[in-house]
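The primary structure of each chain is shown beneath.
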Amino acid sequence: MKSDSVFKNPLLKFFILTFVIFLVLFGMTGASLALNAPAAVPTILQIVCAWSPTFAFLILFPKLFPGQSLKTFLKQQFAPKVAASQVLGIIGLQLLVLVCVAAAIALSQRVSFLSVWNITPSVIFLGFLNALIRGPLGEELGWRGYAQNHLQKRYSPLVSSLIVGVVWGFWHTPLWIVTSGYAGIELLEYAGLFVVGLIAISVIMTFFYGKTKNLILPILIHLLLNYLGSLVNGDGLQTMLYTSLFYVIVAVILVLAAPKRFLQQPEAAAVAEAD
């Protein structure tokens, strides 16, 4: 007999375990800073924090996919062919967003367009590596590879992307509090814009990922989100406002342009929950 307990829901287990692992690692990072550990220790822990969705997925994998080989599953996530047009489309859209954000910052601050850019050798090269290993490689197997696909067995791609976007956004809660530099109303504004922006990104990822189911596409979008954002200088709240705004515009345009891709019927009428 199927239990009515929500804790029997495999997706909920994944979400909870992801949050727990992140909080534990985040706490360890804070402790290492408080204890004046060598600089490499908190840096490594910060990177590891971003991998909590992957850790949670790997821990739960035997129950989520009983009888399936992890190696085979991972190969399947990158096996579908990716068209060059998709990659170029992603890069083009995100570069366009970046330019629009930079222009908006320049106009609001009444400074020259060129003065808002933060382009140095360290940002260009080290920033790219940092952006890659801190988020995209460690998160997308869990958020898109598992959660998005699992939700689409019951909901439309659009609804699934909204759910993942909300969870993904609030998963960053400790980072808002500790690293944003804001408090009170400004912190709430920052958090709200952050969540809205990630929901929009989740929708954009669904547009590109849904066609091929190759994880390289959401990883690329996530990478460019983190990396390109580091190339402009601006007040954090202001930059978050413009970034979220333009990504929302892109997401809305994609939904309106391809409604069938977002509103198609679920892949299965129901999901047989574990246990």
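Residues numbered from 1 in each chain as written. Predicted model: local features only at pLDDT ≥ 70, side-chain atom pairs only at ≥ 80, totals over all residues. Heavy atoms only, no water.

> For this particular structure, what's the right way to read the overall build of the chain?
Helices and strands together make up the secondary structure of the chain, namely 13 helices and 0 strands. Ordered by position in the sequence, the α and β elements of the chain form the string α-α-α-α-α-α-α-α-α-α-α-α-α. In terms of overall dimensions, the chain is globule-like: its C-alpha atoms have a radius of gyration of 19 Å, near the 19 Å expected for 275 residues. Overall, the chain is about 65 × 50 × 35 Å in size when its C-alpha atoms are taken along their principal axes. The proportion of buried residues among the 275 residues of the chain is 45%. Counting only contacts in the chain whose residues sit at least 6 apart along the sequence, the fraction spanning at least 24 positions is 80%. Here the chain displays about 13,900 Å² of accessible surface, and carbon together with sulfur accounts for 72% of that area. Mean positive and mean negative side-chain charge positions of the chain (16 and 9 charges, respectively) differ by 13 Å. (Helix = DSSP H or I, 4+ residues; strand = E, 2+ residues; numbered from the N terminus. Rg over C-alpha atoms; globule rule 2.2 N^0.38 Å. Buried < 20%, exposed > 50% of the residue type's maximum accessible area, 1.4 Å probe, protein only. Contact = heavy atoms within 4.5 Å. Areas by Shrake-Rupley, 256 points an atom, 1.4 Å probe, with all protein chains shown as cover. Lys, Arg positive; Asp, Glu negative; His and termini not counted. Charge placed at Lys NZ, Arg CZ, Asp CG, Glu CD.)

> Help me understand the packing of helix 1 (residues 10–34) against helix 7 (residues 136–151) in this model?
The axes of two packed helices give the description: the angle between them and the distance between them. Across the interface, helix 1 lies against helix 7 with an axial gap of 10 Å and an inter-helix angle of 155 degrees. Here helix 1 lies roughly antiparallel to helix 7, going by the angle between them. In the crossing of helix 1 with helix 7, the sense of the turn from one axis to the other is left-handed. From helix 1, Pro-10, Leu-11, Phe-14, Phe-15 and Thr-18 reach across to helix 7, where they touch Gly-142, Trp-143, Tyr-146, Ala-147, His-150 and Leu-151. Classifying every residue of the contact of helix 1 with helix 7 by side-chain character gives 8 nonpolar, 3 polar and no charged. (Axes fitted to C-alpha atoms, helices over the stretch in contact; angles between N-to-C directions. Parallel < 35°, antiparallel > 145°, perpendicular 65-115°, else oblique. Left-handed = near helix turned anticlockwise from the far one by under 90°. Nonpolar A, V, L, I, M, F, W, Y, C, P; charged D, E, K, R; others polar.)

Remember that the coordinates give geometry; whether it matters functionally is a separate question.
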